[in-house]
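Okay, here's what each chain looks like letter by letter:
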Amino acid sequence: MTQFPIFDGHNDLLLRLLRGDVTAEGVASGLPDGHIDKPRAQQGGLGGGMFAIFVPSLGGASVSDDEMCKDSYDIPLPEQVAEAEATSWTERGMDAIYDLEAAGAVRICRSAQEIEAALPAEEMAAVIHIEGAEAIDRDFEKLHAWHARGLRSLGPVWSRDTVWGHGVPFRYPSDPDTGPGLTDAGKALIRECNRLKIVVDLSHLNAKGVEDVARITDAPLVATHSNAWAVCPHSRNLTDRQLDVIRDSDGMVGINFASAFLRPDGRMESEFEIDILLQHFDHLIQRLGEDRVGLGSDFDGALVPDKIGDCAGLPNLIKALRSRGVDDGLMAKITHGNWVRVLRQTWGI
Ligand code: ZN
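Summary of the structure given here. (Residues numbered from 1 in each chain as written. Predicted model: local features only at pLDDT ≥ 70, side-chain atom pairs only at ≥ 80, totals over all residues. Heavy atoms only, no water.)

### Describing the overall build of the protein chain
Working step 1: What the protein chain contains, in helices and strands, is 13 helices and 11 strands.
Working step 2: The globule rule puts the C-alpha radius of gyration for 349 residues at 20 Å, and the 18 Å found for the protein chain is close to it.
Working step 3: When the backbone C-alpha atoms are referred to their principal axes, the protein chain occupies close to 45 × 45 × 40 Å.
Working step 4: Relative to its 349 residues, the protein chain shows a buried fraction of 62%.
Working step 5: Residue pairs in contact within the protein chain that sit at least 24 positions apart in sequence constitute 75% of those at least 6 positions apart.
Working step 6: About 12500 Å² of surface is accessible on the protein chain, with carbon and sulfur atoms providing 47% of the total.
Working step 7: In the protein chain, the 34 positive side-chain charges and the 54 negative ones have mean positions that sit 4 Å from each other. (Helix = DSSP H or I, 4+ residues; strand = E, 2+ residues; numbered from the N terminus. Rg over C-alpha atoms; globule rule 2.2 N^0.38 Å. Buried < 20%, exposed > 50% of the residue type's maximum accessible area, 1.4 Å probe, protein only. Contact = heavy atoms within 4.5 Å. Areas by Shrake-Rupley, 256 points an atom, 1.4 Å probe, with all protein chains shown as cover. Lys, Arg positive; Asp, Glu negative; His and termini not counted. Charge placed at Lys NZ, Arg CZ, Asp CG, Glu CD.)

### Points about the pairing of strand β1 (residues 6-11)
Working step 1: Across the six residues of β1, six count as buried, placing the element largely inside the fold.
Working step 2: Across four bridges, the pairing between β1 and strand β2 (residues 46-54) is parallel. In the sheet register, Ile6 faces β2, and the bridge partner there is Leu46. (Pairing = 2+ DSSP bridges.)

### Some remarks on the environment of Ala86
Working step 1: Tracing the backbone through its elements, the reader meets Ala86 in helix α4 (residues 83-102).
Working step 2: Judged by relative accessible area, which is 0%, Ala86 ranks as buried.
Working step 3: For the pair Ala86 and Thr335, spaced 249 residues apart in sequence, the C-alpha separation works out to 33 Å.
Working step 4: Setting aside anything within four residues of it in sequence, one finds Ala86 in contact with Val55, Val81, Glu134 and Ala135.

### Overview of the coordination of the zinc ion
Working step 1: Donor atoms from the polypeptide that coordinate the zinc ion comprise Glu131 (OE), His204 (NE2) and His225 (NE2), at 2.1 to 2.2 Å from the metal.
Working step 2: As a motif over one chain, the donors of the zinc ion read E-x72-H-x20-H. With Glu131 in strand β5 (residues 124-131) and His225 in the loop between β9 (222-223) and α9 (240-248), this pair connects stretches of sequence that are 94 residues apart. The residues Glu131 and His225 share a single accessibility class, namely buried. (Donors = N, O, S within 2.8 Å, 3.2 Å for Na, K, Ca; no water.)

### Looking at empty space enclosed by the protein
Working step 1: Across all of its chains, the model carries two cavities of 30 Å³ or more by this definition.
Working step 2: In this structure, the largest cavity spans a volume of roughly 70 Å³.
Working step 3: What lines the largest cavity is a set of 13 residues, and nearest its centre among them are Ile198, Val200, Thr217, Ala219 and Pro220.
Working step 4: Looking at the lining of the largest cavity, the elements with two or more residues in it are α7 (184-196) and β8 (199-200).
Working step 5: The space that makes up the second largest cavity amounts to roughly 50 Å³. (1 Å grid on protein atoms, 1.4 Å probe; cavity = no way out; pocket = protein on both sides within 12 Å on 5 of 7 lines; lining within 4 Å. Points joined across faces, edges and corners; volume = space filled by probe spheres on them.)

### A word on the packing of α7 against helix α8 (residues 207-216)
Two packed helices can be described by the angle between their axes and the distance between those axes.
Working step 1: At a closest axis distance of 10 Å, the pairing of α7 and α8 adopts a crossing angle of 45°. As judged from the angle between their axes, α7 and α8 are oblique. Helix-helix and strand crossings are classified by hand; for α7 and α8 the assignment is right-handed. Listed contacts from α8 to Lys187, Ile190, Arg191 and Asn194 of α7 are Asp212, Val213 and Ile216.
Working step 2: Residues that form the contact of α7 with α8 fall into these classes: three nonpolar, one polar and three charged. (Axes fitted to C-alpha atoms, helices over the stretch in contact; angles between N-to-C directions. Parallel < 35°, antiparallel > 145°, perpendicular 65-115°, else oblique. Left-handed = near helix turned anticlockwise from the far one by under 90°. Nonpolar A, V, L, I, M, F, W, Y, C, P; charged D, E, K, R; others polar.)

### Observations concerning the pattern of salt bridges
Working step 1: The tally for this structure, following the rule as stated, stands at 31 salt bridges.
Working step 2: One salt bridge in this structure joins Glu123 and Arg107, with 3.2 Å as the shortest N-O distance. Here Arg107 lies in strand β4 (residues 106-108) and Glu123 lies in the loop between α5 (112-118) and β5, a separation of 16 residues in the sequence.
Working step 3: Across the pair Asp248 and Arg247 runs a salt bridge, and its minimum N-O distance is 3.2 Å.
Working step 4: We classify Asp248 as exposed; its relative accessible area is 60%.
Working step 5: Its relative accessible area of 31% is what places Arg247 among the partly exposed residues.
Working step 6: One network of salt bridges, in which partners are shared, links Asp71, Arg263, Asp265, Arg267 and Glu269. (Salt bridge = Lys/Arg side-chain N within 4 Å of Asp/Glu carboxyl O.)

### With respect to unusual backbone geometry
Working step 1: For the bond from Tyr172 to Pro173, the omega torsion is -15°, close enough to zero to count as cis.
Working step 2: For Pro173, the position within the fold is in the loop between β7 (170-172) and α7.
Working step 3: Even without being glycine, His204 reaches a positive phi, approximately 85°.
Working step 4: One can find His204 in the loop between β8 and α8.
Working step 5: With a phi angle near 65°, Asp250 is a residue other than glycine that sits in the positive phi range.
Working step 6: Assignment of secondary structure puts Asp250 in the loop between α9 and β10 (252-255).
Working step 7: On the accessibility criterion, Asp250 (25% relative accessible area) is partly exposed.

### Description of the environment of Ala118
Working step 1: Looking at the secondary structure, you find Ala118 in helix α5.
Working step 2: Residues Ala118 and Pro305, 187 residues apart in the sequence, show an inter-C-alpha distance of 28 Å.
Working step 3: What Ala118 contacts, discounting residues up to four positions off in sequence, is Gly47, Arg107, Cys109, Glu123 and Ala125.

Written as structure tokens, this is what we have:
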């Protein structure tokens, strides 16, 4: 493993397992496609990250990349997913990450110390994240049960509405201030996550939702996979005002590699120079400071730049950051140090 192992704020590898596209053994031995497997992680210096359990719109339409290849767009979001349906999917997601651990592909981490120990290891450090909390009940019984199984991070919504709040739609160009924020139940969920020291992810929340979380939690504010709105005015990205709130909480942002959230023209097209990603990097560093920027690739969940391709291509990004004058100290922070710091601050261990 390299001198700068990467801890990444967001990937959707578990979705591939849940859909039956790949097996845990396949991830351990190598896959013919997709963005992440163990051999390519080794090759590219991917030491681990947040592994999302994302509940897709089962049976319903999903958000297609083609729709994001226009000059402007506002993609209708799928229907809410029922709690029972989301629960069985999330349970399977939990099983899937334990399968990955049993296959020797990951080590499930519950503390910053465990991440630090796992980063240089062959297995990827894996933090369990739920993206969209449809499966959680209002008494939080499942939240507690999954926390006991290793859940350490949660996004109250993926972009479609839930009982907890309203997500931000996929709209370009658009401000993230797109509607009402969290419901009363959603605010109670944030309080409970804060009590359990579970990370609350701001990515996919709209502007009012972000403000609600900022008012309730006393943990550092975290957007695991979002970019700078000043560079790409997409509803999924963070305005300077939002970045200031994140900075003031001593939180951080993981840079999302999804082409539509990087390119100033908002298109989900992957042919472009890494320089565009570096523009987000420069802006985030300028706004948040060197201690509050990391990576949040969205590998296996989005169309990423051809110049990165998959996790084996991460050294191309490191090289580009070097050419931007990033020294060893800052490189260590961006690749993993800032994530470890924020997670330690949130979890207390
Ligand atoms: Zn996402």
